[in-house]
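Okay, here's what each chain looks like letter by letter:
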Amino acid sequence: MKKLTMIALFAGFLAVSLSSCRDQKTQKEEVIEEMQDKGADIKIKDDGDKIKMETEDEKAKIKTDDDGNVKIKVKDKE
């Protein structure tokens, strides 16, 4: 009985350790990373509350208000 309990505990521990949480990126982080990969010029204002990024093809603006709400605008240049 003791051996069965130890096997069950080991199996449970193994299952939990293999199914750990993955780091999930926010939409804000994804846009910033994408624009960095494209070689964008990045301007940060107000301690990161306003971020402007610009490549030859597109513009992106990220604004965070006082409540923590994030607004993201991505436009193609025309």
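A closer look at the pairing of strand 3 (residues 58-64)
- Only one face of strand 3 is covered, namely the one carrying Glu58, Ala60, Ile62 and Thr64; the face carrying Lys59, Lys61 and Lys63 has none of its residues buried.
- As paired strands, strand 3 and strand 4 (residues 70-76) are joined by seven bridges and run antiparallel to one another. Residue pairing for strand 4: Thr64 is matched across the bridge by Val70.
- Between strand 3 and strand 4, which pair antiparallel in sequence order, lie five residues; one of them, Gly68, sits at a positive phi of approximately 90 degrees.

Points about the pattern of salt bridges
- A complete count under the given rule lists four salt bridges for this structure.
- One salt bridge in this structure joins Glu33 and Lys25, with 2.5 Å as the shortest N-O distance.
- On the accessibility criterion, Lys25 (45% relative accessible area) is partly exposed.
- Salt bridges linked by common partners bring Glu34, Lys38 and Glu58 together as one network.

Notes on a positive patch on the surface
- A contiguous patch of positive charge, built from Lys43, Lys45, Lys52, Lys59, Lys61, Lys63, Lys71, Lys73 and Lys75, is present on the exposed surface.
- Mapped onto the fold, Lys75 is located in strand 4.

Brief notes about the environment of Leu14
- When you line up the elements, Leu14 lands in helix 1 (residues 2-18).
- Leu14 sits 21 residues away from Met35 along the chain, and the two C-alpha atoms are 39 Å apart.

Quick look at a negative patch on the surface
- On the surface, Asp47, Asp49, Asp65, Asp66 and Asp67 cluster together into a negatively charged patch.
- Summarising the element assignment, Asp49 is placed in the loop between strand 1 (41-45) and strand 2 (50-54).
- The exposure class of Asp49 is partly exposed, given its relative accessible area of 35%.

Points about helix 2 (residues 27-37)
- Among the residues of helix 2, Val31, Ile32 and Met35 are the ones counted as buried. Buried residues of helix 2, seen end-on, are gathered within an arc of 95 degrees and therefore sit on one face of the element.
- Contacts from the buried residues of helix 2 go to strand 2, strand 3 and strand 4.
- Directly after helix 2, the chain includes Gly39, whose backbone phi takes a positive value near 80 degrees.

Structural notes on the sheet that holds strand 1
- Overall, antiparallel pairing links the four strands, which are arranged 1-2-3-4 in an open sheet. Every other strand in the sheet has two partners, leaving strand 1 and strand 4 as the edge strands with one partner each. With direction set aside, neighbouring strand axes in the sheet form an average angle of 10 degrees.
- Judged from the five bridges that link them, strand 1 and strand 2 form a sheet pairing that is antiparallel. Across the sheet, residue Ile44 finds its bridge partner in strand 2, namely Ile51.

What counts and what doesn't
Residues numbered from 1 in each chain as written. Predicted model: local features only at pLDDT ≥ 70, side-chain atom pairs only at ≥ 80, totals over all residues. Heavy atoms only, no water. Buried < 20%, exposed > 50% of the residue type's maximum accessible area, 1.4 Å probe, protein only. Helix = DSSP H or I, 4+ residues; strand = E, 2+ residues; numbered from the N terminus. Pairing = 2+ DSSP bridges. Salt bridge = Lys/Arg side-chain N within 4 Å of Asp/Glu carboxyl O. Patch = residues over 30% accessible without salt bridge, like charges linked within 9 Å, V, L, I, M, F, W, Y side chains within 5 Å. Areas by Shrake-Rupley, 256 points an atom, 1.4 Å probe, with all protein chains shown as cover. Lys, Arg positive; Asp, Glu negative; His and termini not counted. Charge placed at Lys NZ, Arg CZ, Asp CG, Glu CD. Arc of directions from axis to C-beta. Contact = heavy atoms within 4.5 Å. Axes fitted to C-alpha atoms, helices over the stretch in contact; angles between N-to-C directions.

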